[in-house]
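The lines below spell out each chain.
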Amino acid sequence: MVQQEAARVLGHSAAATLDPDVLFTEIGLDSLMAVELRDRLAKRTALRLPPSFVFDHPTLRMLARQLWDELEKADTDAPAASAPTPASAETPASAPTAGATPSPGATLPPAPTPPSGAAQE
């Protein structure tokens, strides 16, 4: 993906023509192109990348490696959408909490029945 986007920014018809170990300055990437490449990568990955991202990683290989690291970091930092939060894992939303007054119209669980043979008051 990094190589494809760099080829588009540089006006190359094929991404394979770019050597992943050659410095961006040697393949003709200027500061405006670097910003465009950063913007394209940010859009494709949904990451917020700093303005200096491309120049901080001056080859395609270095840029791809750093982008991969950023994606992994974002993946581990983001909470899973289906994972319950600690509070919801402990108490279902419909269960009353200790000391809480039920809202009008709330359905309460049935009262516990005494064990058989227990004295009734």
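If you're wondering where the values come from, they're calculated on a predicted model, not measured in any experiment.

1. A few points about the packing of helix H2 (residues 31–45) against helix H4 (residues 60–77)
The axes of two packed helices give the description: the angle between them and the distance between them. Orientation of H2 relative to H4, taken along the N-to-C sense of each, is 35°, at an axis distance of 12 Å. For the pair H2 and H4, the crossing hand works out as right-handed. Here Leu37, Leu41 and Thr45 of H2 lie close against H4, whose contacting residues are Leu63, Leu67 and Leu71. Of the residues in the contact of H2 with H4, the class split is five nonpolar, one polar and no charged.

2. Focus on the confidence of the model for the protein chain
Here the protein chain averages 78 in pLDDT, and 64% of its residues register 70 or above. Predicted confidence is poor over residues 86–99, with pLDDT under 50, and the contacts of this stretch with residues over four places away or in other chains come to one contact.

3. A few points about unusual backbone geometry
Notably, alanine 46 is not glycine yet its phi reads approximately 60°, a positive angle. Structurally, the position occupied by alanine 46 is in the loop between H2 and helix H3 (53–56). For alanine 46, a relative accessible area of 69% puts it in the exposed group.

4. A look at H4
Here H4 contains 18 residues, and its C-alpha end-to-end distance of 25 Å stays within 8% of the 26 Å for a straight helix at 1.5 Å per residue. Against the buried residues of H4 lie helix H1 (2–10), H2 and H3.

5. Thoughts on the side chain of histidine 57
In this structure, histidine 57 sits in the loop between H3 and H4. Ignoring any residue separated from it by four or fewer positions in sequence, one finds histidine 57 in contact with Phe24, Met62, Leu63 and Gln66.

6. Remarks on the pattern of salt bridges
Inspection of the entire model under this criterion finds six salt bridges. A salt bridge links arginine 8 to glutamate 5, with the nearest nitrogen and oxygen atoms 3.0 Å apart. Pair noted here: arginine 8 and glutamate 5 are both in helix H1, with a separation of three residues, about one helical turn. For arginine 8, a relative accessible area of 47% translates into the label partly exposed. According to the relative accessible area criterion, glutamate 5 is buried, its value standing at 3%. The residue glutamate 5 makes a salt bridge to arginine 44 at a minimum N-O spacing of 2.5 Å. With glutamate 5 in helix H1 and arginine 44 in helix H2, this residue pair connects regions lying 39 residues apart in the sequence. Three or more residues joined by partner-sharing salt bridges are found here, namely Glu5, Arg8, Glu36, Arg40 and Arg44.

Criteria and thresholds
- Residues numbered from 1 in each chain as written.
- Predicted model: local features only at pLDDT ≥ 70, side-chain atom pairs only at ≥ 80, totals over all residues.
- Heavy atoms only, no water.
- Axes fitted to C-alpha atoms, helices over the stretch in contact; angles between N-to-C directions.
- Helix = DSSP H or I, 4+ residues; strand = E, 2+ residues; numbered from the N terminus.
- Left-handed = near helix turned anticlockwise from the far one by under 90°.
- Contact = heavy atoms within 4.5 Å.
- Nonpolar A, V, L, I, M, F, W, Y, C, P; charged D, E, K, R; others polar.
- pLDDT = per-residue confidence, 0-100.
- Buried < 20%, exposed > 50% of the residue type's maximum accessible area, 1.4 Å probe, protein only.
- Expected span 1.5 Å × (residues − 1).
- Salt bridge = Lys/Arg side-chain N within 4 Å of Asp/Glu carboxyl O.

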